[in-house]
Amino acid sequence: MSHSHQSEQAPLLELENLRVSFPTPQGRVEVVKGLSFTLGRERLGIVGESGSGKSMTGRAILRLVRSPGRQQADRMVFDGIDLAGLSERKMRDLRGARISMIMQDPKFSLNPVMTIGAQIAEALKTHETLARREIKSRVLEMLHSVRINDPERVVNLYPHEVSGGMGQRIMIAMMLIPRPDLLIADEPTSALDVSVQAQVLDLIDELVRDKGMGLILISHDLNLVARYCDRILVMHAGEVVESCAAEDLHKATHPYTQGLLAAVPRMEETREELPVLDRSAWSGT
Amino acid sequence: MGTRPLNTAAPSNAALRKTAGAIGGFIIVTLLTFVGLMAITFFIGRVIPIDPVLSVVGDRATQEQYDAVRIAMGLDRPLIAQFITYVGDVFQGDLGHSVSTNRPVAEDLARVFPATLEMATLGIIIGVGMGVPLGVWAAARQGTWVDQLIRVFALLGYSVPAFWLGLVGLVVFYAGLGWVGGPGRVDIFYEGLVEPRTGLLLVDSLIARDFDVFWSALDHLILPATILGFFSLAYIARMTRSFMLDQLGQEYITTARVKGVAEWRVIWTHGFRPIRVPLITVIGLSYAALLEGSVMIETVFSWPGIGNYLTVALLNADMNAVLGATLVIGSVFILINKLSDVLYRILDPRSR
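Fair warning: this is a prediction, and the values are worked out from it, not measured in the lab.

Where do I start with the packing of helix H5 (residues 105-140) of chain B against helix H14 (residues 319-347) of chain B in this structure?
Residue and element names in this part refer to chain B. Running from N to C, H5 and H14 cross one another at 50°; their axes reach a closest spacing of 10 Å. As the angle between them shows, H5 and H14 are arranged oblique. Considering how the two elements wind past one another, H5 and H14 form a crossing that is right-handed. Here H5 contributes Val105, Ala106, Asp108, Leu109 and Phe113 to the contact with H14, which in turn contributes Asn320, Ala321, Gly324, Ala325 and Val328.

As structure tokens, this is what we get:
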């Protein structure tokens with residue numbers, strides 16, 4: 001991978017003034033309103049409540065905002081490639097191969113009538129021409145690296161035959177097998193049991209660090225993002241309201257972030273009631 | 001790992017017994033459905049205000065003659081006894097005697113049913129072969145002019161009467177352009193040339209290697225079959241489109257796009273494969289509908305099929321013929337339903 005030898009300063013992804021809008025009977029409504037950030041080979045967390053535009057940001061980077069939704073950006077450059085000006089065909093070559101995305105719920109994001117092996121192999125075959133034997137061994141090897149003990153059996157299963165945690169590890173395998181440079185994880189654990197959430201996130205973390213990938217972790221969970229990311233963007237109503245290093249999260253200045261932080265329960269809780277977000281503090285209403 | 005253990009081992013004795021049990025259950029259920037069908041057709045046939053005796057003796061017979069025929073037909077016995085006799089006869093292949101053709105009903109049906117089968121089969125092939133791709137295409141281009149055009153085309157199939165389309169088709173393609181053969185199954189000078197082995201003229205002529213008959217039969221078949229096909233196409237295309245729209249909104253379609261999969265593959269492999277299962281039901285039902293519901297087309301094209309036969313029998317109060325034809329159509333329905341059940345299990349891993 002020649003691009004990984006580029007200078008440390010060259011950013012992996014530059015985003016300037018990204019806008020995503022959807023038509024409504026009242027006219028077009030912007031769900032992402034001018035988002036800008038620069039990402040290196042680091043772990044960026046995007047936090048926000050439902051409808052804050054964080055998921056749409058993830059899809060917009062892959063140019064997968066479906067019509068009638070529309071996206072535009074002043075600048076959207078990935079590893080020196082101008083994504084906005086790319087043909088759909090060239091964009092397709094990039095998807096999966098260089099930028100990949102882990103989806104939320106394996107129950108819905110895996111094809112129910114294709115075996116797990118076929119789905120993972122497809123991710124590889126789409127971008128590389130390999131002999132069947134080699135594809136098979138890469139799939140088995142990948143499944144092994146996401147901690148699936150008996151990959152030979154699992155490749156022949158269908159998604160409804162595996163648990164949620166296992167489904168999500170299969171998802172990770174599928175998205176990482178073509179060795180992308182940037183991984184977007186869109187609420188990768190919110191559909192999972194609390195007990196397997198940490199396993200899945202640790203796994204993503206480990207693989208991302210090993211391979212030196214960039215990670216965008218999209219979540220509504222502040223603590224989780226603070227634990228697994230280097231830098232955090234807090235989104236609200238389509239805009240970034242706070243941008244800080246993960247360890248500086250407690251120094252957050254925006255009232256929305258402060259309100260969110262105050263609403264997180266602590267281990268040694270002394271408050272009778274957790275505070276409710278007071279939205280008048282920033283929206284002026 | 002929280003997964004269900006699956007049949008990883010070689011098929012055991014228990015598994016074989018399970019399969020045998022499933023097949024046995026399948027046969028019993030099919031038989032029961034068939035007997036139920038016989039019961040319904042039989043009792044409806046007996047309660048409708050048509051006197052089967054009158055249709056035999058005519059309305060100028062004396063009371064003695066009338067009574068004699070009534071006893072000879074067994075109509076004086078209790079309904080249940082009549083039904084049991086009827087079921088016994090049917091299982092021996094005896095559907096009674098037709099009053100209007102003066103032949104055994106089973107023999108008549110063996111002659112007319114293949115004619116309908118041939119037309120409906122070609123019709124459904126046209127309907128599926130065009131309806132499914134059109135439906136998928138419309139869904140993939142939802143909201144564009146392609147979609148609108150296909151929807152209007154499909155709507156026409158819903159709203160245009162079959163007999164009108166049949167007549168217009170004859171006027172334009174037979175009388176006007178001379179591209180196709182006219183009414184009937186084959187040109188008259190070819191009639192009765194090939195030995196009816198299957199009753200399907202296309203197949204019989206191929207077996208006999210009589211290609212003149214084959215082309216003539218195809219010439220006659222193509223127009224009515226296309227018109228029938230158009231009606232099933234309309235239904236199949238609409239259903240395919242709505243199934244596909246539902247599929248294309250699923251999360252795993254986005255997953256496929258994230259992987260960088262080409263659009264045609266997203267549509268056919270990820271979108272279309274899961275809808276084969278519901279589509280089988282739709283196709284099965286439209287095929288059955290073509291087999292029973294082609295009366296209009298058969299009339300317009302003088303097609304000696306089961307629809308025509310049934311209509312004539314009904315108008316002549318020929319109850320044995322009506323019951324027999326209904327039974328055949330009902331059995332086809334049962335058969336197609338059971339067949340789609342089997343295909344379901346093969347195609348959907350979740351139902352195995």
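Where do I start with the interface of chain B and chain A in this structure?
Interfaces are often sized by the amount of accessible area the parts lose when they come together. Tallying the contact residues gives 23 residues for chain B and 29 residues for chain A. Those elements that place two or more of their residues in the side of chain B that touches chain A are helix H10 (251-258) and helix H11 (263-292) of chain B. Of the residues forming the side of chain B that touches chain A, the biggest block, 6 residues, is contributed by H10 of chain B. The residue makeup of the side of chain B that touches chain A, split by class, is 8 nonpolar, 8 polar and 7 charged.

Mind showing me how you'd approach helix H6 (residues 145-159) of chain B here?
Along an α-helix, residues three or four apart share an orientation, since each turn contains 3.6 residues. Residues and elements named next belong to chain B. With 15 residues, H6 extends 21 Å between its outermost C-alpha atoms, agreeing within 8% with the 21 Å of an ideal straight helix rising 1.5 Å per residue. Those residues of H6 not exposed but buried are Ile150, Ala154 and Gly157. For H6, the buried positions fall inside an angular range of 45° around the axis, keeping them on one side. Across H6 from its buried face, at more than 90 degrees, point the exposed residues Trp145, Gln148, Val152, Leu155 and Ser159. Each element contacted by the buried residues of H6 is listed here: H5 and helix H9 (211-248).

Could you clarify how one ought to interpret the sheet that holds strand S11 (residues 239-245) of chain A in this entry?
Backbone-to-backbone hydrogen bonds join strands into a sheet, with any given pair of strands oriented parallel or antiparallel. All names here are of chain A. Spatial strand order, S7-S8-S9-S3-S10-S11: 6 strands in an open sheet with mixed pairing. Edge positions in the sheet fall to strand S7 (99-102) and S11, since each has one partner strand and no second. Neighbour-to-neighbour, the strand axes of this sheet turn through a mean angle of 20°, independent of strand direction. Two strands pair when backbone bridges link them, and S7 and strand S8 (residues 182-186) are joined in this way by 4 bridges, in the parallel orientation.

I keep staring at the nonpolar core and nothing clicks. Help me out?
Where a protein is soluble and globular, its nonpolar side chains tend to be buried together. Ranked by size, the top nonpolar core spans 151 residues in total, and within it Ile120, Ile172, Ala173 and Leu183 of chain A together with Ile236 and Ala325 of chain B carry the most contacts. Per element, the largest residue contribution to this core is 18 residues, and it comes from H9 of chain B. Here this core spans two domains, since at least three of its residues come from each of domain 1 (15-91) and domain 2 (106-351) of chain B. Excluding residues within four positions of it along the chain, Ala325 of chain B makes contact with Leu109, Ile306, Tyr309, Leu310 and Ala313 of chain B.

Honestly, the UniProt feature "transmembrane region" (unreviewed entry) in chain B in this entry has me stumped. Any pointers?
All names here are of chain B. Mapped onto this structure's residue numbering, the UniProt feature "transmembrane region" (unreviewed entry) falls at residues 21-44, 119-140, 152-177, 213-237, 277-297 and 309-336. In residues 152-177, the share of helix is 88% and the share of strand is 0%. The end C-alpha atoms are 26 Å apart. The span residues 213-237 carries 100% helix and 0% strand; its end-to-end C-alpha distance comes to 34 Å.

What is the right way to look at the packing of H5 of chain B against H6 of chain B in this model?
When two helices pack together, their arrangement is given by the angle between the helix axes and the distance between those axes. Residues and elements named next belong to chain B. Here H5 crosses H6 at 140°, and the two axes come no closer than 8 Å. Here H5 is positioned oblique relative to H6, judged by the angle of their axes. When the axes of H5 and H6 are compared, the crossing they make is left-handed. Contact residues: H5 offers Leu134, Trp137 and Ala138, while H6 offers Val146, Asp147, Ile150 and Arg151. The class makeup of the residues in the contact of H5 with H6 is 5 nonpolar, no polar and 2 charged.

How each quantity is defined
- Residues numbered from 1 in each chain as written.
- Chains lettered and ligands numbered in written order.
- Predicted model: local features only at pLDDT ≥ 70, side-chain atom pairs only at ≥ 80, totals over all residues.
- Axes fitted to C-alpha atoms, helices over the stretch in contact; angles between N-to-C directions.
- Helix = DSSP H or I, 4+ residues; strand = E, 2+ residues; numbered from the N terminus.
- Parallel < 35°, antiparallel > 145°, perpendicular 65-115°, else oblique.
- Left-handed = near helix turned anticlockwise from the far one by under 90°.
- Contact = placed C-beta atoms within 7 Å.
- Nonpolar A, V, L, I, M, F, W, Y, C, P; charged D, E, K, R; others polar.
- Expected span 1.5 Å × (residues − 1).
- Buried ≥ 20, exposed ≤ 12 C-beta atoms within 10 Å, placed from the backbone.
- Arc of directions from axis to C-beta.
- Pairing = 2+ DSSP bridges.
- Core = buried A, V, L, I, M, F, W, Y, C linked by C-beta atoms within 7 Å.
- Domains from an automatic or database assignment.
- UniProt positions renumbered as here; feature names shortened; annotations may be inferred.

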